Every structure is written in structure tokens, then in C-alpha cells.
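# Commentary on secondary and tertiary structure
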Amino acid sequence: MEKYYQKEIECATRDEILKIQEEKFLKQAEHVWNDVPYCRKKWEEKGVSLSDIKSLDDISKLPFLSKDDLREAYPYGLLGVPLKDCVRIQSTSGTTGKRVVAFYTQEDIDLWEECCARAIMAAGGTDEDVCQVSYGYGLFTGGPGLNGGSHKVGCLTIPTSSGNTQRQIMFIKDLNATILCCTPSYAAYIGETMKEMGMSPEEIPLKAGIFGAEAWSEEMRHDIEKTLGIKAYDIYGLTELSGPGVSFECSAQTGMHINEDHFYAEIIDPDTGEVLPEGEEGELVFTSLDKKAFPLLRYRTRDICVLTREKCSCGRTHVRMRKPKGRSDDMLIIRGVNVFPSQIETVLLNNGYAANYQIIVDRVNNTDTLDVNVEMTPEMFTDNLGEIDARQKRLSEGLKNMLGIKAKVNLVAPKSITRSEGKAVRVIDKRKI
Ligand code: DLL
């Protein structure tokens, strides 16, 4: 039977949700206008004043916020409360430019943890469960967010953080972990290590996994489900809005329910900023409806996806977002063609390879080149060059069909591509260096 952490709100009628959203939005707009001078200035530059904001529909009058604003206002420029009222900071895992630093009051943290608790219960978790949190702890939001959610549900929480993979497996087995939380690439690595240790999925008590923080394909989901013997659930979020738990999958697994009582979602055309109707693909934009310390209105996520309000069999009424295809800034433009790493992953996994690959883009004689290094699995490993060549050609064909452009495939030895304990780095774009 479907389980809910806050059934009343998770299954509220559309009218009820809209009423909550409007009330919270008007309060939040007032908070931002009064307490965040950086945003007030942006509103004024667009000719908007607080008196223009009378209903939720007026949200379209407000300017967007982007990562550039966060960088410009770093570190305190977007704070909505006195620093002494904040109890925590978290930061993005980005490796380039200035980090994004987000602030939380205690109430912000409570609401964030409730969102994560909803995700855990949607994956079947209860206070009978043992939840192993193998996301990184620290500035990254994955560990702290799911740790808090797990406590709220009342699970016995094992805060292993990421790394030391054999110990992770030992804890799962010895302490009877039933739910595993980590990135999908780390889940795949844990599965691979288990196999190497000669363990089968039947030997571990895990029943569900809550995996997110990076784009992952349906094919990868099936692989992980098989190697760990679990049902794998997707979870989405970003530091700027709190962390994991902005949206999550339920038992139906037909998209992730956005916690609409906390986050108002829009889809826009990334080029024009025009708001698109439901069902159209575009960039996700979120308004944080009740975060006090870091109240972002109309924040452009750069994640490309689609929203749907079709009825969900789980009983939840909150809008669902499809798996993000990847970030608009992950999208590669190769010889003028748009390529998402997730498309390449789909072809590899459909051809029996694991998600251990690297995409290398370069520019030679003014022409873009696309190389995909793909690891052979131990079962398919061969040193027969003719056989390797034939397989490379087959994969290359598959990629051409999917992407519409030619890619050079290089099959490499098992275990030669570095594994990830957090977010996997799949793309090396030498053109930017
Ligand atoms: O990745 C928060 C998180 C932690 C989500 C644990 C889920 C689980 P950031 O480091 O700020 O926060 O990165 C946010 O990661 O804009 C997406 O591009 C990507 N992302 C997050 N979840 C998913 C997902 C955390 N389920 C950025 N599918 C977001 C695809 C995801 N991409």
C-alpha cells in the first residue's frame, strides 16, 4: 500500500494547492521586496513594484534569477534574514567559478527534511526501515538532506557518507540496511564491487534505493535494480532551493512529484524566457515559496525537462517532472548538433555495456570530434582485435542512429575508467580548455 509522510498535503486537491501557493507566494514576494535589496533593485529595473504583485499569475512579471546572480551576490547578497537567524550553510559541488552558498534557518531545515521524508516514504520507507545514507556529508546537500529525512520518518539511519565501498557493503549486510541513498553512479559501483566480492543480491537485505543528484537513464535504473535486487527511485533537487527532495518518485515511477506546497514550478523557453504550456519541453524555473534565509523567486535551474499533471496512480496530486534530460549547460553542441550525455548512455546500456564511459570532445582542424571511451564488462572482455573492431563499429552505428552524428567508439579494458563515489564526471570537453 502506498505510504505518505504528509498525506493531506501530498494528496490535496488542485484548488487547495493553488490556494496555498498563492498565499505563500504573496507573503514571500513581500519578504523579498522588503528584505533582499539585490532583488528589489532587479524588480525596479524591470519596472515592477510590490504593489504589482496581487496574485500568483503576477509571478510572470518578476525577473528571473540565475546562477550569475548568485555569483554576483556571493556570499551574503541574497540573504533574506539577519545572519544570526541562520543555522547552516550548504554549498554546490561545482568545481568551476565561485561556489554557490545557500543559507538556512532552522525552519528552512525542518521543511527541507520533511521533503526528504516524503521521498523516503514514497519509496516504501517506514520507521521499521534501516536507511543507509551513502551520499557525501558536508557542504554537499545529499548526505545532510536524506539524513534529516530518514530521522523524520523514524528509520534507523546509518550515516556512512560516500567512499570505502567494501565497508558500505559490510554495513548493508551486517546492519540489515533496507534502503540505500546515494548517487546512481555510486549505486552501480557498489553493485559492481559486490559482484567482485562474490556476493549475490539475495545475500543483502536492501529493498529500495533513492538515487539522484545527477542525470541517469532508465537503462541504468534497470541495471542497478538487477545488481542490487531492489526497486530504484529517482530523487531531484538543488542546493539553491534546499537540496534533495524538491521532487521525488512514487511507486508509479512515472515522473517525480514536485513538492508544490514549497516550490512553484514553471517551464520556460531557455532562449526567450517565455513560459511554456504544460507538456512542452523547456528549462525548469522554481520559486521557493517558504524558504526564509534564501528566498529565491523564479530561479533558472538550467535543467531541461517536461511537466505533467496527468493523474497519478499513487494518489498524490502534485505535478510531476519527467527525468531531466540533463542540464542545458551539460548539452554539448557537436558539429552543430545538440547532444546530451544521457542519450549516449542509453545506447551503451541498450547494447549490454555498463554505465562506465567517458565522452571526449575536441576540435581538430576546425572540426569537432566526438570520442566515446566505453569499458568492456569482464564477461565480454576479449583481446581478439577483429572482434573488438566489430563491436566498436556496432556501437558507433547505434550512436549515429541516436544522435545523428558520427562518434568514434574506443572499447577499453574493464575497470580502466575511474569510478565515482559521488556525481560522475562523464564529459571532457577539450574545446573549452
Ligand atoms: O545534487 C541535490 C541532490 C542531492 C539531489 C541528492 C538529489 C539527491 P546540487 O549539487 O546543487 O544539488 O546539483 C543540482 O544536479 O540542477 C540537476 O542538474 C542535477 N540533479 C539533481 N538531481 C537530479 C536527478 C544536488 N534526479 C543539480 N536527475 C540539478 C537528474 C539531477 N539531474
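About the thresholds
- The numbers attached to residues start from 1 for each chain and follow its sequence in the written order.
- Since the coordinates come from a predicted model, pLDDT governs what is reported: local features require at least 70, and pairs of side-chain atoms require 80 or more to be given and counted, while whole-chain, interface and lining totals use all residues.
- Only hydrogens and water are set aside; all other atoms, that is, all heavy atoms of the structure, feed into the side-chain values.
- For two strands to pair, DSSP has to find at least two bridges joining them.
- Only DSSP runs of H or I reaching four residues or more are called helices, and only runs of E reaching two or more are called strands; each is numbered from the N terminus.
- By definition in these notes, contact holds between two residues if any of their heavy atoms fall within 4.5 Å.
- In this analysis an axis means a line fitted to C-alpha atoms, helices contributing only their contacting stretch, and an angle means the value between N-to-C directions, from 0 to 180 degrees.
- The nonpolar core is taken to be a set of buried Ala, Val, Leu, Ile, Met, Phe, Trp, Tyr and Cys residues, with the residues joined through side-chain atoms within 4.5 Å.
- Throughout this description, buried means an accessible area under 20% of the type-specific maximum (1.4 Å probe, protein chains only), exposed means over 50%, and partly exposed covers the range between.
- Put simply, angles under 35 degrees are roughly parallel, angles over 145 are roughly antiparallel, angles from 65 to 115 are roughly perpendicular, and the rest are oblique.
- The classification used treats Ala, Val, Leu, Ile, Met, Phe, Trp, Tyr, Cys and Pro as nonpolar, Asp, Glu, Lys and Arg as charged, and all other residues, Gly among them, as polar.
- What counts as a domain boundary in this text is fixed by an automatic or database domain assignment.
- Two parts placed together each lose some accessible area; with a 1.4 Å probe, that loss summed over both constitutes the buried area.
- Residue proximity to a molecule or strand is established when one non-hydrogen atom of the residue lies within 4 Å of it.
- For this analysis, a polar contact is any N or O atom pair within 3.5 Å, provided that within protein one partner can donate a hydrogen and the other can accept it, and provided that sequence-adjacent residues contribute only side-chain to side-chain pairs.
- Only the protein chains shown count as cover for residues, with accessible areas throughout obtained via the Shrake-Rupley method and a probe of 1.4 Å.
- What the arc describes is the spread of directions from the helix axis to the C-beta atoms.
- Whenever Lys or Arg places a side-chain nitrogen within 4 Å of a carboxyl oxygen from Asp or Glu, that contact is recorded as a salt bridge.
- Any two cysteine sulfur atoms within 2.5 Å of one another count as a disulfide.
- Classification remark: right-handed applies to a crossover when, strands pointing away from the viewer, the course from the first strand over the helix to the second runs clockwise.
- Two rings belonging to Phe, Tyr or Trp (six-membered ring only in the last case) form a pair when the distance between their centres is within 6.5 Å. Interplanar angles under 30 degrees mark stacking, angles over 60 mark edge-to-face geometry, and anything in between is tilted.
- Working rule: Lys NZ or Arg CZ, within 6 Å of ring centre, within 35 degrees of ring normal, means a charge sits over the ring.

If you trace the nine strands from one edge of the open sheet to the other, you get 4-3-5-6-7-8-9-14-13, paired in mixed fashion. Two strands lie at the open edges of the sheet, namely strand 4 (156–158) and strand 13 (307–308), each paired on one side alone. Strand direction decides the pairing type here: strand 9 (residues 256–258) and strand 14 (residues 320–321), joined by two bridges, are antiparallel. The partner of Met256 across the bridge, within strand 14, is Met321. Packing of helix 9 (residues 218–228) onto the sheet brings it into contact with strand 5 (179–182), strand 6 (208–212), strand 7 (231–238) and strand 8 (243–249), and relative to strand 7 it is tilted by some 130 degrees.

Most often, soluble globular proteins keep nonpolar side chains buried together rather than apart. One finds Trp43, Leu78, Leu146, Leu284 and Phe286 to be the most contacted residues of the largest nonpolar core, which totals 71 residues. In terms of nonpolar packing, the next biggest core, distinct from the first, is built from 47 residues, Ile158, Tyr186, Ala187 and Ala232 among them.

Looking now at the packing of helix 5 (residues 106–122) against helix 6 (residues 142–153). Where helix 5 meets helix 6, the closest approach of the two axes is 7 Å, and the angle between their N-to-C directions is 70 degrees. Considering the angle they form, helix 5 stands roughly perpendicular to helix 6. Of the residues in helix 6, those in contact with Asp110, Trp112, Glu113, Glu114, Cys116, Ala117, Ile120 and Met121 of helix 5 are Pro144, Gly145, Leu146, Gly148, Gly149, Ser150, Lys152 and Val153. Here the contact of helix 5 with helix 6 is built from residues that sort into eight nonpolar, four polar and four charged.

Right, let's get into the domain arrangement of the protein chain. A common way to express how large an interface is: the accessible area buried when the components associate. If you check the domain split of the protein chain, you get domain 1 (1–327) and domain 2 (332–429). Contact residues are listed per partner, giving 24 residues for domain 1 and 19 residues for domain 2. Buried area between domain 1 and domain 2, summed over both chains or domains, comes out near 1,600 Å², and the portion from carbon and sulfur atoms is 51%. Per-residue buried area on domain 1 facing domain 2 is highest for Tyr189, Glu219 and Lys325; these three make up 28% of the total on that side.

Not every one of the 22 residues close to the ligand is listed here, only the nearest: Asp234, Ile235, Thr239, Asp303 and Arg327. One nitrogen or oxygen atom from the main chain of Ala213 is found 3.1 Å from a nitrogen atom belonging to the ligand. A distance of 3.2 Å separates a nitrogen atom of the ligand from a polar atom in the backbone of Glu214. Within the complex, 96% of the 610 Å² of free accessible area of the ligand lies under protein.

Moving on, we come to helix 3 (residues 37–45). If you check which residues of helix 3 are buried, you get Tyr38, Cys39 and Trp43. Looking down the long axis of helix 3, one finds its buried residues gathered within 135 degrees of arc, a one-sided arrangement. Residues of helix 3 that are exposed and angled more than 90 degrees away from the buried face: Pro37, Lys41 and Glu45. For helix 3, the secondary structure elements touched by its buried residues are helix 2 (14–35) and helix 4 (67–72).

This paragraph deals with the side chain of Thr346. In this structure, Thr346 sits in helix 10 (residues 341–350). Once you skip the residues sitting within four places of it in the chain, Thr346 turns out to touch Ser217, Glu219 and Met402.

It is worth spelling out the pattern of salt bridges at this point. Taken as a whole, this structure holds 32 salt bridges when the rule is applied. Here Asp110 makes a salt bridge to Lys152, at a shortest N to O gap of 3.8 Å. With Asp110 in helix 5 and Lys152 in helix 6, the pair connects residues that are 42 residues apart, well separated along the chain. Residue Glu196 is joined to Lys415 by a salt bridge in which the shortest nitrogen-to-oxygen separation is 3.0 Å. Separated by 219 residues along the polypeptide, Glu196 in helix 8 (residues 184–196) and Lys415 in the loop between strand 19 (408–412) and strand 20 (427–429) bring together distant segments of the chain. Where salt bridges share partners, they join Arg363, Asp368, Asp429 and Arg431 into one cluster.

This next bit is on the sheet that holds strand 11 (residues 282–288). Pairing within the open sheet is antiparallel, and its three strands lie in the order 10-11-12. Edge positions in the open sheet fall to strand 10 (263–268) and strand 12 (299–305), since each of these has one partner strand only. In this sheet, neighbouring strand axes are inclined to one another by 30 degrees on average, regardless of whether the strands run parallel or antiparallel. Pairing of strand 11 with strand 12 involves four bridges; the strand directions are antiparallel. Note that in strand 12 the partner of Gly282 across the bridge is Cys305.

The next thing to look at is the state of the cysteines. By the definition in use, this model includes zero disulfides. Cysteine Cys86 remains unbridged, with the sulfur of Cys39 as its closest cysteine sulfur at 15 Å. With a relative accessible area of 16%, Cys86 lands in the buried category. The closest cysteine sulfur to the non-disulfide-bonded Cys250 is located on Cys314, 3.6 Å from its own sulfur. Look at Cys250 and you get buried, because its relative accessible area is 0%.

The two faces of strand 5 match: Ile179 and Cys181 on one face and Leu180 and Cys182 on the other face are all buried. By the bridge criterion, three bridges tie strand 3 (residues 130–133) to strand 5 in an arrangement that is parallel. Bridging across to strand 5, Val133 finds its partner in Cys181. Following the backbone out of strand 5, through helix 8 and into the adjacent parallel strand 6, one traces a crossover that is right-handed.

With the rule as written, the count across this model stands at nine aromatic pairs. On the basis of an interplanar angle of 50 degrees and a centroid distance of 6.3 Å, the ring pair of Phe103 and Phe294 is categorised as tilted. One end of the pair, Phe103, is in strand 2 (residues 101–104); the other, Phe294, is in the loop between strand 11 and strand 12, and 191 residues separate them in sequence. Consider the rings of Tyr236 and Phe286, whose centres lie 6.4 Å apart with planes at 40 degrees: the pair is tilted. Of the two residues, Tyr236 sits in strand 7 while Phe286 sits in strand 11, which places them 50 residues apart along the sequence. Each of the two residues, Tyr236 as well as Phe286, counts as buried. The rings of Tyr76, Phe103 and Phe294 are connected pair by pair, giving a single aromatic cluster. Geometry around Trp216 places Lys323 over its ring, the cationic atom sitting 4.0 Å from the centre.

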